Amino acid sequence: MGRIFVVELDGRSYRCKFCRTHLALPDDLVSKSFHCRRGKAYLFNNAVNITVGTLEERMMLSGMHTVADIFCCCCGQIVGWKYGAAHEKSQKYKEGKFVLERGRIVDETEYSSEVYIDTRPSMSDGED
């Protein structure tokens, strides 16, 4: 396996929940009203730092689709899927787009608002 080159996105981004790798920009967000087996999901025009699995036929809530699972390129966790083809005319807009599962990504604003508080007792220089 070769060296992994990771794309750093400018500004706010959606990241892998497991390793914090950048995955998508809010500007590429198409819809927040998608669902998956594990809960909510978001549809994006573009995603980065992913590897695409094998295409397979899958019956979804909206009908039969050709999809491939997508994985974070850094930690290997599944983060969603990519639409290859839609069999119904009304679903063609999904082709080539990416779905990121909400439970497997974090919004950078959520990540940056985490605060680390050191609760270990320590001594200051004056307490010799």
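Report follows, based on the coordinates. Please read all numbers here as calculations on a predicted model, not as lab measurements.

1. Re the pattern of salt bridges
All told, the structure shown has 6 salt bridges when counted by the stated rule. The salt bridge partner of Glu56 is Arg58, with a shortest N-O separation of 2.9 Å. According to the relative accessible area criterion, Arg58 is buried, its value standing at 14%. What you see here is one network of salt bridges that share partners, running through Arg38, Glu101 and Arg104.

2. Describing the sheet that holds strand 2 (residues 22–24)
Taken together, the 3 strands give an open sheet; going across it, the order is 2-1-10, and neighbouring strands pair in antiparallel fashion. The open sheet has two edge strands with one neighbour each: strand 2 and strand 10 (105–107). Averaged over all adjacent pairs, the angle separating strand axes in this sheet is 40°, with direction ignored. Summarising the sheet, strand 1 (residues 14–16) and strand 10 pair through 3 bridges and their orientation is antiparallel. Bridging across to strand 10, Cys16 finds its partner in Ile105.

3. A closer look at the nonpolar core
Ranked by internal contacts, the top residues of the largest apolar core, which has 14 residues, are Leu23, Phe44, Ile50, Ile70, Val79, Leu100 and Ile105. Of all the secondary structure elements, the ones that give two or more residues to this core are strand 1, strand 2, strand 4 (39–44), strand 7 (63–72) and strand 9 (98–101). Once residues within four sequence positions are removed from consideration, Ile70 is found in contact with Ile50, Thr51, Val52, Gln77, Ile78, Val79, Gly80, Trp81, Lys82, Phe98, Val99 and Leu100. The next biggest cluster of nonpolar side chains, apart from the first, holds 9 residues, and it includes Cys36, Trp81, Tyr83 and Val99.

Thresholds, definitions, all that
Residues numbered from 1 in each chain as written. Predicted model: local features only at pLDDT ≥ 70, side-chain atom pairs only at ≥ 80, totals over all residues. Heavy atoms only, no water. Salt bridge = Lys/Arg side-chain N within 4 Å of Asp/Glu carboxyl O. Buried < 20%, exposed > 50% of the residue type's maximum accessible area, 1.4 Å probe, protein only. Pairing = 2+ DSSP bridges. Helix = DSSP H or I, 4+ residues; strand = E, 2+ residues; numbered from the N terminus. Axes fitted to C-alpha atoms, helices over the stretch in contact; angles between N-to-C directions. Core = buried A, V, L, I, M, F, W, Y, C linked by side-chain atoms within 4.5 Å. Contact = heavy atoms within 4.5 Å.

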